[in-house]
Amino acid sequence: MMLEALGRAGLRESAGTATVLQSHYYDAALHRAITETGPLGGRATIERAAASAAYREVSSWITSTLSAREAVTGLILHSGLGAVETFKGEGQRFEIALNPSHYAKARQEMFGAASAPACDVARGAISGALGAVLGKIYEVREVECVAAAGKKCRFVATVSPANFAPIDPFSWPAGGEAPAADSAFPPAELLAPVIRTEGGVAGSTYGSLWAEMYARAAHEFEAEIPKVMGSKFANLASVVLTEAAHLGTFYSIGGLVRSPEWRQMVVPRLPAREDWVHAVVSLVESFGWGSWRVRLLAPEQRFTVHVRDGYEALSYHALSGVATTPRCYFARGVVAALMNILYAGDVITPETLDQSLYNRLFRSPSSFRAIETSCQAMGHEYCEFVANPLSPGMRRS
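Let us look at the structure shown here. Every value quoted in this text rests on a predicted model; they were computed, and no experiment measured them.

Taken in spatial order, the four strands make up an open sheet running S8-S9-S11-S10, and their pairing is antiparallel. Strand pairing shows two members of the sheet lacking a second neighbour, strand S8 (291-298) and strand S10 (368-374), which therefore form its edges. The sheet shows a mean angle of 20° between the axes of neighbouring strands, taken without regard to direction. Sheet topology places S8 next to strand S9 (residues 302-308); seven bridges connect them, and they run antiparallel. Following the sheet pairing, valine 294 is matched in S9 by valine 305. Running over the sheet, helix H10 (residues 273-284) touches S8 and S9 and is turned about 165° from S8. Sitting on the sheet, helix H12 (residues 329-343) is in contact with S8, S9, S10 and strand S11 (383-389), with an inclination near 145° to S10.

Shown next as structure tokens:
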């Protein structure tokens, strides 16, 4: 459901709060960016942001009969974090196992076995859900993780006075007018075969998590880097957060255009790559990333996209006021990634999507990079992204 109550046509809604559909590949890339960049407390950053958002969502469900088991199981399932296989305990201590954990599987596929358990969003979600139902503060440890070569993801939650306090929610800025429909978008029924009933599209699994969680985690991460690592690293956050978007889009949208549903049901009716671009942009309209419109598409040369009410710009404005520079690193990464996937090389015939193919598409002189030339966080009417090849005129193989 779009969050019309907030006056923002580009946002999705769950229990009265804005949510975002993201592939588990992007979540895995984002987690690695925040937790493995410098000596920062990235895992705690992610857990706090997830716990706060989960606490508020589950609090909106509270009834006299809602049990801790029902709260945790329901939240994990509908957010796309996986499925609760076991739930044991009461009061002071709980043992919970997820099987499958879609996020952990995606992380292992992309990066190999992690050196430590990596399901910090799930830790926060469990902590927030238990806290909302039982009125206590819970510390959640992950004692086994699929991403770290475990058989399942297992958690132990215990009452602790030193975990989290719910963060005050922020207010979304007032809404503006929705942009006119994009006449280049293909008919919705043509793309129906690739849309998953559980959310997202073919080629990847998707979660439906809180826009506020993504915003707070990125915001805190960006603020911490110059404090801990020095001012010369002030731009590092924009680099690694954009790279996370590149990776997530490579695996998710790359997986979409390689999927049987796309190749058998969509390609016969949309054979041109230009049509593919418009089709993918139309699909993300339902993801809660804002209202996306293609303004210019010159194959292998330039791609310009306008985004209104993107969650990155709106949330930055809500958390920090008017920005002095563009802030939409995720959207910027997606715009460049779409051009690299569809024009910089072949993602269809290779046996698999892997880091070697990613490097060929994203790290060559002919690869596309995008810049954000205007941003709603700065008070502009919309965010504009322009993607160009690094070395115009280079031949693509």
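Attention shifts here to the sheet that holds strand S5 (residues 138-144). As summarised here, the arrangement of the four strands in space is S3-S4-S6-S5, forming an open sheet in which the pairing is antiparallel. Among the strands making up the open sheet, the edge pair consists of strand S3 (84-90) and S5. Neighbouring strand axes in the sheet, compared pairwise and without regard to direction, differ in orientation by 15° on average. The pairing of S5 with strand S6 (residues 153-159) spans six bridges and is antiparallel. The residue bridging valine 140 from the neighbouring strand is alanine 157, located in S6. Relative to S3, helix H3 (residues 68-78) is tilted by about 155°, and along the sheet it contacts S3 and strand S4 (93-98).

Inspection of the secondary structure assignment puts aspartate 120 in helix H5 (residues 120-134). Aspartate 120 gets classed as buried once you look at its relative accessible area, which sits at 0%. Here the side chain of aspartate 120 touches arginine 43 through a polar contact of 2.8 Å, side chain to side chain. Within the structure, aspartate 120 has its side chain in polar contact with the side chain of arginine 123 (distance 2.9 Å). Residues contacting aspartate 120, with those up to four places away along its chain left out, are His31, Thr35, Arg43, Ile46 and Glu47.

With the rule as written, the count across this model stands at 16 aromatic pairs. Where phenylalanine 87 meets phenylalanine 94, the ring centres are 5.4 Å apart and the plane angle is 50°; that geometry is what we call tilted. Taken individually, phenylalanine 87 and phenylalanine 94 each receive the classification buried, so the pair is uniform in this respect. An aromatic cluster is present here, built from Tyr26, Tyr206, Tyr214, Phe287, Trp289, Trp292, Tyr311 and Phe330 joined pairwise through their rings. Above the ring of phenylalanine 111, the side-chain terminus of arginine 32 is found at 3.8 Å from the ring centroid.

The contact between helix H1 (residues 24-35) and helix H7 (residues 211-229) brings their axes to 11 Å, and the two run at 25°. If you check the angle between H1 and H7, you find them roughly parallel. Considering the relative orientation of H1 and H7, their crossing is left-handed. Every residue of H7 that contacts H1 at Tyr26, Asp27, Leu30, Ala33 and Ile34 is listed here: Tyr214, Ala217 and Phe221. Partitioning the contact of H1 with H7 into residue classes produces seven nonpolar, no polar and one charged.

So, on to the pattern of salt bridges. Applying the stated criterion across every chain yields a total of 15 salt bridges. Where aspartate 120 meets arginine 43, a salt bridge forms, and the shortest distance between an N and an O atom there is 2.8 Å. Separated by 77 residues along the polypeptide, aspartate 120 in helix H5 and arginine 43 in helix H2 (residues 42-59) bring together distant segments of the chain. Arginine 43 sits in the partly exposed class, given a relative accessible area of 31%. With a closest N to O distance of 2.9 Å, arginine 123 and aspartate 120 form a salt bridge. Taken together, the residues span about one helical turn, with arginine 123 and aspartate 120 both in helix H5 at a distance of three residues. In terms of burial, arginine 123 and aspartate 120 fall into one category: buried. In the salt-bridge network here, residues are joined through shared partners; they are Arg43, Glu47, Asp120 and Arg123.

The rules we used
Residues numbered from 1 in each chain as written. Predicted model: local features only at pLDDT ≥ 70, side-chain atom pairs only at ≥ 80, totals over all residues. Heavy atoms only, no water. Pairing = 2+ DSSP bridges. Helix = DSSP H or I, 4+ residues; strand = E, 2+ residues; numbered from the N terminus. Axes fitted to C-alpha atoms, helices over the stretch in contact; angles between N-to-C directions. Contact = heavy atoms within 4.5 Å. Buried < 20%, exposed > 50% of the residue type's maximum accessible area, 1.4 Å probe, protein only. Polar contact = N/O pair within 3.5 Å; in protein donor to acceptor, adjacent residues only side chain to side chain. Phe/Tyr/Trp six-rings, centres within 6.5 Å; stacked < 30°, edge-to-face > 60°. Lys NZ or Arg CZ within 6 Å of the ring centre and 35° of its normal. Parallel < 35°, antiparallel > 145°, perpendicular 65-115°, else oblique. Left-handed = near helix turned anticlockwise from the far one by under 90°. Nonpolar A, V, L, I, M, F, W, Y, C, P; charged D, E, K, R; others polar. Salt bridge = Lys/Arg side-chain N within 4 Å of Asp/Glu carboxyl O.

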